[in-house]
Amino acid sequence: MPHTSRLRPELLAVREQLVEERNRIREQHDRGLPSVQVCGRLTSSVDMAIQRLHDAALADMPQADANALREHSALVAHGGYGRRQLAPFSDVDLMLLHDGKIDAAITALARRLTQDVFDVGLQLGQSVRSLSDAVQLARTDPLVGTSLVESRLVLGGSELYEKYRTALVAMLQRRRAPLTLAFIDARRQERLKFGETVFVLEPNVKKSRGGLRDIHLFRWLWFLKSGEADPDRLHMLGHLSKFDHRRLSSSTSFLLRVRNEMHFAAGTARDTLVRPEQVRLAERFGIRGYDGLLPVEEFMRDYFRHTNHIWFLAHRMSDLAKPTPTLARVLGPVLGRNIDQDYRIGMHEISATQLGRTKLKSRTEEVLRLVDLARYHDRRIAQETWYHIYRSAPELPDTVDDSTARRFLQIMDTPARLGELLRRLHELGVLEKVIPGFTHARYLLQFNQYHKFTVDEHCIRAVEEASRFAERRDRLGEVYRSFQRKWLLHLALLLHDLGKGFDRDHSEVGAEMAAANAAKLGLSPADAETLTMLVRRHLEMSHLAFRRDTSDEETIARFAQSLGTPEHLTLIYLLTCADLAAVGPGVLNDWKVEVLTEIHARALRTFEPEIAPAADHRHLLRTEALRLLKGDERSSRWFAAQFDLLPETLLARLTPPQVVELLQRLQSLESTRSAAWGQYYTDAKTVEFTAGIAGGVGRGIFSSMAGTLSTFGMQIFAAETVVLADDLLLLRYQTEDNEHKTGPTPRERIDRIAAAMVASIDSPEPPKFRRIWGHDQAQANLALMQLPNEVRIDPTLPGDSTIVEVFTVDRLGLLYDLARTIHELNLVIRFAKIGTSLDRVVDVFYVTERDGTKPTDAGRLEEIATKLRQVIEPAA
């Protein structure tokens, strides 16, 4: 901002008036003045400021120039300023229009206004254009064209403005078809940048899908079609139904109110609805939340409801406005065909006949049939048919008859474009007639950084992700393709998270919903029980894989036996993978697929005796590895003793030659005392680091090496420590390289990290963690979730170790601090996994005392918990 002492008196006066007006309007906003009126009054205050600055500029010019400017130029508002929907700190889009006869004077006026408008505190988007230039630019540049559609004369030559307006409208009408496509495409490109789904969880109120820009698109397209952009006028003229007009007005008012509040609070332009702002707005608008919903979740549900209404209208208008291609217009009537006198299949879309419309109005099965026909024939549903179903859906019966249930389950058994089909049914309001839980789940935000979509969108995406497994060329793809009853998997995925948003465990609520839906759809008792079990237990395999030591065959066997059948096991495996994939991009990474697939394969051996059990596999591997040893090594009991203590998770991925190489590396430690090495795995896109240390127990090596890996930007997924014969310590870390996510980690980098791991042994210097750009803001966002810090200790599970689980917000060096504290408690970490639970990191440690015993004493367990809580609790 300029120093006010340097401003001319008239600028100071205008500046003060703008501030006073904005403050007065903010008070009115705070008292509940409708947002459209707030924007209108802000616009009027800017109009007055512009007029005063313009008059002052002309007063300082030679009289002849001033008179010429009054006659041959005009100030034209466009964009939001032209619509009179100016937000508190929006840019002021102003065009200095002229007829080309006073170039020197126009240049002087433009320079003066640009500086003066800035000096009084406004952000100016100014352009200087002749009448012909303005019209030509609107013709060739869709962004300019959309902005100029809703122009408004602020002051100046009214005759010039009318000429401009007449020429602009005439050009727009002549080029209506190409400009319609250009406007739609320009908006599509903008949505791709700012959020193509309505359910972006930190949306841009203006530019994300369903935002204010889609209201503008709706207005622009109507202007091209009818010469009228104002929704009130469109309603009066009969172009916009009362139902649509009411929804559009309500949603426009809501979004403008949100945007005005964001601007007023920030004191500057703010359009992105970040998490802290969502929380603040929920409180500011007096939203309390209910029935297991946080206030912010209720606010965002309202937000998504409005943006979905806007998107529906904008999308509908876009489809209606697009010109029909010449080929389709000429050949469509010839090549089109009817289906049972109910539907007409055209070149690009399917539409209902009058008979079909009658059926669609009262029969849910008929809607399912139409949507499935559209999928089968790869046609979009014609807008008028779509709108007919949309308006009729609330009156469809809530009961599901046998024929509707059969058709729905047939649809669910066909993977092709299934997610798209379900999304169509949901948008139409029909899916909830078959699956009632979607009424509650609609627009339901999960207020965390982990889930990237609302509950309803996540459930549909889970089905969509599962159907895409058919395209995978790995074991996951093979299992999905060979699984016969896909409808059962897809139905479980559609239901699995619908229990969220209540004040009980969502898995239990969801299981009750699953049982009710099974009865509604007429499933057999056995299938109903399976469906209910899948929803109730849909998180178990993920917890097993990423929080437990799966090298123990008894753990795997107990999990498999609890599921009862191979089909149940396969269903849980596929459901877990699809659920993770639907959380957000990159959540189901290759490493997680590998871990889950390995558990599935090992667990299947429990049910299939013809497959060699793990013990037989281990015996065969041991026999072959010992055979490959050299003569003197083969006769040494050392190699056999070390092999017998290697964990199953390691042996599962090693060939006999690799086992031999590992044992030979470990034997060399008798002279070198310590070594570390790494290997990049292409399939999983992970780097596995292995270290061996002679006499390594009780020296805090796990924490020091974990700290070293973190300093190099390696994200640790899992870690394992094994005490082999002769006090030989073996450590393994599964990591992802944050600096090389798109390709393999270079060998020289791996070797450098391995050398640093060895150098960290017994080092008195703690690791120095690099600051990560944006990390502090991410931490602040996570703190908004208000998830508690927890330390859970369970000494009751079978095995030699006590399990310690630490739930907290992640931070730099957390794993090192926790592991170091465990070391200082004279405990040994036998195994560790690092996962997530919503927005909390979950560090899981299997620990024993230094003498190998299992800590179980209540006092000892409380000591461990207290020390670890001190690490994760914020300082007072």
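Now for a description of the structure that goes with this document.

About the thresholds
- Residues numbered from 1 in each chain as written.
- Predicted model: local features only at pLDDT ≥ 70, side-chain atom pairs only at ≥ 80, totals over all residues.
- Heavy atoms only, no water.
- Helix = DSSP H or I, 4+ residues; strand = E, 2+ residues; numbered from the N terminus.
- Buried < 20%, exposed > 50% of the residue type's maximum accessible area, 1.4 Å probe, protein only.
- Contact = heavy atoms within 4.5 Å.
- Areas by Shrake-Rupley, 256 points an atom, 1.4 Å probe, with all protein chains shown as cover.
- Lys, Arg positive; Asp, Glu negative; His and termini not counted.
- Charge placed at Lys NZ, Arg CZ, Asp CG, Glu CD.
- Expected span 1.5 Å × (residues − 1).
- Phe/Tyr/Trp six-rings, centres within 6.5 Å; stacked < 30°, edge-to-face > 60°.
- Core = buried A, V, L, I, M, F, W, Y, C linked by side-chain atoms within 4.5 Å.
- Salt bridge = Lys/Arg side-chain N within 4 Å of Asp/Glu carboxyl O.
- Axes fitted to C-alpha atoms, helices over the stretch in contact; angles between N-to-C directions.
- Parallel < 35°, antiparallel > 145°, perpendicular 65-115°, else oblique.
- Nonpolar A, V, L, I, M, F, W, Y, C, P; charged D, E, K, R; others polar.
- Pairing = 2+ DSSP bridges.
- Polar contact = N/O pair within 3.5 Å; in protein donor to acceptor, adjacent residues only side chain to side chain.
- Disulfide = S-S within 2.5 Å.

A few words on the overall build of the protein. Each helix and strand in the protein was counted, giving 42 helices and 16 strands. Along the longest, intermediate and shortest principal axes, the C-alpha atoms of the protein span 110 × 75 × 50 Å. Residues classed as buried in the protein amount to 56% of the 876 residues present. Here the contacts in the protein between residues at least 6 apart in sequence split such that 71% fall between residues at least 24 apart. Surface summary for the protein: the accessible area is close to 37,800 Å², and the carbon and sulfur share equals 51%. Computed over 117 positive and 118 negative side-chain charges, the inter-centroid distance for the protein is 5 Å.

A word on helix α12 (residues 242-266). Taking 1.5 Å as the rise per residue, α12 with 25 residues should run 36 Å; its terminal C-alpha atoms sit 36 Å apart, in good agreement. Phi for G267, located one or two positions after α12, is positive at around 70 degrees.

Next up on the list: the packing of aromatic side chains. Applying the stated criterion across every chain, the model contains 16 aromatic pairs. Considering the side-chain rings of F183 and W220, the 6.2 Å spacing of their centres and the 70 degrees angle between planes classify their relative orientation as edge-to-face. Of the two residues, F183 is situated in helix α9 (residues 176-194) and W220 in helix α10 (residues 212-226); the sequence distance between them amounts to 37 residues. Residue F183 is classed as buried on the basis of its relative accessible area, which comes to 0%.

So, on to helix α14 (residues 295-321). With 27 residues, α14 extends 39 Å between its outermost C-alpha atoms, agreeing within 8% with the 39 Å of an ideal straight helix rising 1.5 Å per residue. With 20 of its 27 residues buried, α14 lies for the most part within the structure.

Ranked by internal contacts, the top residues of the largest apolar core, which has 103 residues, are F408, L422, I435, L491 and L494. Counting residues per element, this core draws most heavily on helix α30 (residues 566-583), which supplies 12 residues. In contact with L494, not counting residues within four places along its chain, are F408, M412, L422, L431, I435, F438, C459, I460 and V463. Ranked by size, the runner-up nonpolar core spans 56 residues in total, among them M95, L201, A229 and Y443.

With that settled, consider the pattern of salt bridges. Here the structure, examined in full by the defined rule, presents 67 salt bridges. The partner of R83 in a salt bridge is E150, with the nearest N and O atoms 3.4 Å apart. Here the residue R83 occupies a position in the loop between α4 (79-82) and β2 (92-98), and E150 occupies one in the loop between α7 (142-149) and β4 (152-156), the gap between them amounting to 67 residues. Each member of the pair R83 and E150 is classed as buried. The partner of E863 in a salt bridge is R860, with the nearest N and O atoms 3.0 Å apart.

The N-to-C vectors of α7 and α9 enclose an angle of 105 degrees; their axes lie 9 Å apart at closest approach. Taken together, the axes of α7 and α9 lie roughly perpendicular to each other. Note on element contacts: α9 touches α7 through A182, F183 and A186, opposite P142, L143, G145, T146 and V149. Of the residues contributing to the contact of α7 with α9, the split by class is six nonpolar, two polar and no charged.

Moving on, we come to unusual backbone geometry. At D762, a position not held by glycine, the phi torsion is positive, near 60 degrees. Here D762 lies in the loop between α39 (747-759) and α40 (775-783). Positive phi is not limited to glycine here, since N826 has a value of about 65 degrees. For N826, the location among the structural elements is in the loop between α41 (814-824) and β15 (827-837).

Taken in spatial order, the four strands line up as β3-β2-β1-β4 in an open sheet, and their pairing is mixed. Each edge of the sheet is formed by a strand with only one pairing partner; in this case those strands are β3 (124-130) and β4. Geometrically, the sheet is characterised by an average inter-axis angle of 25 degrees between neighbouring strands, direction not taken into account. With four bridges connecting them, strand β1 (residues 73-77) and β4 associate as antiparallel partners. Looking across to β4, one finds that A74 is bridged to G156.

Our focus in this paragraph is the sheet that holds strand β5 (residues 337-339). Taken in spatial order, the four strands make up an open sheet running β5-β6-β7-β8, and their pairing is mixed. Where the open sheet ends on each side, the last strands, each with one partner, are β5 and β8 (380-381). When strand β6 (residues 343-345) meets strand β7 (residues 349-352), the two strands line up antiparallel, connected through three bridges. Bridge assignment links Y343 to a residue of β7, and that residue is A352. Strand contacts of helix α17 (residues 364-376): β5, β6, β7 and β8, with the helix running at about 5 degrees to β6, the strand carrying the most contacts.

Summarising the element assignment, L825 is placed in the loop between α41 and β15. The class for L825 is buried, based on a relative accessible area of 6%. Measuring from C-alpha to C-alpha, the distance between L825 and K452 comes to 39 Å, with 373 residues separating the pair along the chain. Once you skip the residues sitting within four places of it in the chain, L825 turns out to touch R860, E863, I864 and K867.

The next subject is the side chain of S467. Structurally, S467 can be placed in helix α23 (residues 455-468). At 2.7 Å, the side chain of S467 forms a polar contact with the backbone oxygen of E464. Ignoring sequence-local partners within four residues, the contact set of S467 consists of P415 and Y480.

Tracing the backbone through its elements, the reader meets R165 in helix α8 (residues 158-174). Among buried Asp, Glu, Lys and Arg side chains, R165 stands out as unpaired, with E162 the closest opposite charge at 7.0 Å. A distance of 3.0 Å separates a polar atom in the side chain of R165 from the backbone oxygen of V149. In this view, R165 contacts L148, V149, S151 and F223; residues no more than four positions away in its chain are not counted.

What follows deals with the state of the cysteines. Inspection of every chain in the model, using the stated rule, returns zero disulfides. In this structure C459 is not part of a disulfide, and its nearest cysteine sulfur, from C577, lies 17 Å away.

This next bit is on the environment of L861. Here L861 lies in helix α42 (residues 858-872). Expressed as a C-alpha distance, the spacing of L861 and F453, which sit 408 residues apart in the sequence, is 39 Å.

Moving on, we come to the pairing of strand β14 (residues 802-808). A regular strand carries its side chains on alternate faces of the sheet. Burial analysis of β14 places seven of its seven residues in the buried class, which makes it a mostly covered element. Residues T802, V804, V806 and T808 point to one face of β14 and I803, E805 and F807 to the other, with burial holding for every one of them.

Along the polypeptide, R316 turns up in helix α14. C-alpha separation for the pair R316 and G356, spaced 40 residues apart in sequence, amounts to 20 Å. Beyond its immediate chain neighbours, meaning those up to four positions away, R316 contacts Q383, E384 and Y387.

All we've got here are geometric facts, nothing functional implied.
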